[in-house]
Amino acid sequence: AKVEKDLDEYKKLAEKIKDQIFNFAVNVSEAGKLFGSVTADDIADKIKIDKKFVVSSPLKKLGDYKVKIKFPHGINSEVLVKIEAEKKTKDKKKK
């Protein structure tokens, strides 16, 4: 009975996140190179799932990526991860 309950929950979650877009605003150099990367941990945190379900190597470039999500019992899903440059804001404080 527990397996069936888990199976149902994973199916619902897989359906819920399927084809959703998750945006990451990252810090980039003047040349557009990322400082660091977007990891499976980052993606899992944003989706609110365990990182062991996220099938992704660290993403180190700006752009759109399809990332596979593999749940137990052969249930798979896919999300779109968009990595964009963080908007730089100029401080315009006048005294």
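These numbers come from a predicted model, not from an experiment.

Chemist: In this structure, what is going on with the overall build of the protein? I would like to understand it.
Modeler: Counting secondary structure elements, the protein contains 2 helices and 4 strands. Beginning at the N terminus, the succession of helices and strands in the protein can be written as α-β-α-β-β-β. Compactness check: the protein gives a C-alpha radius of gyration of 17 Å against a globular reference of 12 Å for 95 residues, more than 25% above the reference. When the backbone C-alpha atoms are referred to their principal axes, the protein occupies close to 65 × 30 × 20 Å.

Chemist: Hey, could you run me through the sheet that holds strand E4 (residues 76–85) in this one?
Modeler: The pairing of strands in a sheet comes from backbone hydrogen bonds and takes either a parallel or an antiparallel form. Read from one edge to the other, the open sheet built from 4 strands follows the order E1-E4-E3-E2, with strand pairing classed as mixed. This sheet does not close on itself; its edge strands, each paired only once, are strand E1 (21–26) and strand E2 (54–55). Direction of pairing for E2 relative to strand E3 (residues 63–70): antiparallel, over a ladder of 2 bridges. What sits directly across from Val-54, in E3, is Ile-69. Of the strands in this sheet, E1, E2, E3 and E4 are in contact with helix H2 (residues 40–47), which crosses E1 at around 125°.

Chemist: Help me understand the pairing of E1, please; the structure alone is not making it clear to me.
Modeler: Side-chain direction in a regular strand flips from residue to residue, so the side chains alternate between the two faces of the sheet. In E1, alternate side chains face the same way, and those of Phe-22, Phe-24 and Val-26 are buried while those of Ile-21, Asn-23 and Ala-25 on the opposite face are not. Pairing between E1 and E4: 6 bridges, direction parallel. Looking across to E4, one finds that Val-26 is bridged to Ala-85.

Chemist: Is there a simple way to explain the confidence of the model for the protein in this structure?
Modeler: In low-pLDDT segments, the atomic positions of the prediction should not be examined closely. Here the protein shows a mean pLDDT of 91. Residues at 70 or above account for 93%. Mean pLDDT across the elements of the protein bottoms out in helix H1 (residues 2–17) (94) and peaks in E2 (98).

Chemist: Even after reading the chapter, I still don't get H2, so can you show me in this structure?
Modeler: An α-helix turns once every 3.6 residues. As a result, residues three or four positions apart point the same way. When H2 is considered as a whole, its buried residues turn out to be Ala-40, Ile-43, Ala-44 and Ile-47. Buried residues along H2 cover an arc of 100° about the axis, so they all sit on one side. Where H2 is buried, its residues touch H1, E1, E2, E3 and E4. A positive backbone phi angle near 70° is found at Lys-48, which sits one or two residues after H2.

Chemist: Whenever I open this one, the side chain of Ser-77 confuses me. Can you help?
Modeler: With respect to the helices and strands, Ser-77 occurs in strand E4. By relative accessible area, which is 8% here, Ser-77 ends up buried. A distance of 2.8 Å separates the side chain of Ser-77 from the backbone oxygen of Ala-14, its partner in a polar contact. When near neighbours in sequence (up to four residues on either side) are disregarded, Ser-77 contacts Ala-14, Ile-17, Lys-18, Val-67, Lys-68 and Ile-69.

Rules used throughout
- Residues numbered from 1 in each chain as written.
- Predicted model: local features only at pLDDT ≥ 70, side-chain atom pairs only at ≥ 80, totals over all residues.
- Heavy atoms only, no water.
- Helix = DSSP H or I, 4+ residues; strand = E, 2+ residues; numbered from the N terminus.
- Rg over C-alpha atoms; globule rule 2.2 N^0.38 Å.
- Pairing = 2+ DSSP bridges.
- Contact = heavy atoms within 4.5 Å.
- Axes fitted to C-alpha atoms, helices over the stretch in contact; angles between N-to-C directions.
- Buried < 20%, exposed > 50% of the residue type's maximum accessible area, 1.4 Å probe, protein only.
- pLDDT = per-residue confidence, 0-100.
- Arc of directions from axis to C-beta.
- Polar contact = N/O pair within 3.5 Å; in protein donor to acceptor, adjacent residues only side chain to side chain.

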